[in-house]
Amino acid sequence: MTMIDRRQALAGGAALLAAGATPALAAPADTLNAAAASRGRRFGSAFAFGTAGADRGSFANPAYAALLRRDCSLLVPENEMKWQAIRPAPDRFDFSRFDPMVDWAVANGFALRGHTLLWAYSRWFPAWLNNYDYGARPASEGARVLSSHIDTVTRRYGRKITSYDVVNEAVDPDTGNLRVTSLSTAMGGTEAVLDHAFRTARAAAPHAELVYNDYMSWEDGNEKHRAGVLKLLEGFRRRGVPVDTLGVQSHIGLFAPSPDAGALARRLEPEWRRFLDAVVAMGYRLIVTEFDVRDKGLPAAIAPRDKGVADFARAYLDIMLSYPQLHDVLAWGMSDRYSWLRTFEPRTDAVINRGCPYDDRFAPKPLYGAMVGALANARELRII
Ligand code: G3I
């Protein structure tokens, strides 16, 4: 891919934003990654495949690529490494979208995370896997299907990918129990599936950080989810399963009218710290894998909404960044324009959620400043 310099990229971006919104560009010293790096950490983002000039959160969109270059040193594929994307059939892999993403990231000096080697949730299995015939020896066939996937992906990318969400969202948030899938039925239980996934990943990618990733959060109503994740992490340790890190997705949200987001954060903090303390006490590291903010409880008016989002985010990130076990922080996209929230969790008033660092016209918001502030004032990491 031809290198697009920052001036060209932004010229492209300005053309894209013909409506007169000019992205107020942060000075290099004030970028998200510079703030993170000043305390020994990295900042990153999800990104997507796209064809040249596509209006997507893609490396092929010059304006979006300029945000990635300015604020990130670490990237993760939003969808292109999932089973649904790379595994169209039991005997076929399709890397045609993820390969160019990896090539671009490596060529531009980004570190890469892999998301996800197994989304342990039938809703996100490809149809063929939900209906797969595991034959007369289901346990060994299930292990073979899983191993072949993990081995193929990790060996294809080698040291280009240094951290994997080996397993994503295996805990049912409503019960705290482990989700049941066709694989867990074949292999005699979900723990057998997850243990096999991590052991296979460790053998195939001994250089990589192995992460269990989930969206348990600090808001009211996450109690069973947090308890279920703690129970899973305790089980991994008891069975000697090679899991290095808990991925805290951090899709935080203001779901009800919150006139004082800071006060809400102060109320949520003790319980959230009890959860995080229990995780790190088991020797796990932490990684913020998918940060964004749902603002559906706030009014549509932009100024109060942006303030509430920024205050809530700053309080949350101050807590997370007080843990020396937290090294990397990633957003689930840099711009409201391409956020999953627009389709998956639209606001009832249909205005665009404002939970990413940049708005839908690539202008930074108070949230951007709150994130820079949290990263720049975090407890410094001394990585030995
Ligand atoms: O690529 C196809 C396209 O060819 C097709 O025309 C179109 C319409 O069906 O679908 C496109 O695929 C969509 C894909 O996003 C790419 O845009 C899928 O339908 C859609 O389900 C998928 O949604 C993603 C979702 O995970 C499910 O995989 C979201 O973009 C993505 O942001 C979201 O990310 C998850 C993390 O992986 C795990 N943690 C939660 C997070 C938010 O839900």
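Everything here concerns the structure above.
Computed from a predicted model, the values in this text were never measured in an experiment.

1. Some thoughts on the environment of R239
So, step 1. Following the sequence through the fold, R239 ends up in the loop between α10 (223-238) and β6 (245-248).
So, step 2. With 48 residues separating them along the chain, R239 and E191 place their C-alpha atoms 9.8 Å apart.

2. Thoughts on the pattern of salt bridges
So, step 1. Using the criterion set out here, one finds 23 salt bridges in the structure.
So, step 2. Notably, a salt bridge pairs R156 with D99, separated by 2.6 Å at the nearest N-O pair. Within this pair, whereas R156 is found in helix α7 (residues 138-157), its partner D99 is found in helix α5 (residues 98-107), the two being separated by 57 residues in sequence.
So, step 3. The shortest N-O distance in the salt bridge between D244 and R202 comes to 2.6 Å. Here D244, found in the loop between α10 and β6, pairs with R202, found in helix α9 (residues 190-204); they are 42 residues apart in sequence, far enough to count as distant.
So, step 4. Where salt bridges share partners, they join D295, R305, R347 and D349 into one cluster.

3. With respect to the environment of A313
So, step 1. Among the secondary structure elements, A313 is positioned in helix α12 (residues 302-320).
So, step 2. For A313, a relative accessible area of 0% corresponds to the buried category.
So, step 3. Separated by 240 residues in sequence, A313 and S73 have C-alpha atoms that sit 21 Å apart.

What counts and how
Residues numbered from 1 in each chain as written. Predicted model: local features only at pLDDT ≥ 70, side-chain atom pairs only at ≥ 80, totals over all residues. Heavy atoms only, no water. Helix = DSSP H or I, 4+ residues; strand = E, 2+ residues; numbered from the N terminus. Salt bridge = Lys/Arg side-chain N within 4 Å of Asp/Glu carboxyl O. Buried < 20%, exposed > 50% of the residue type's maximum accessible area, 1.4 Å probe, protein only.

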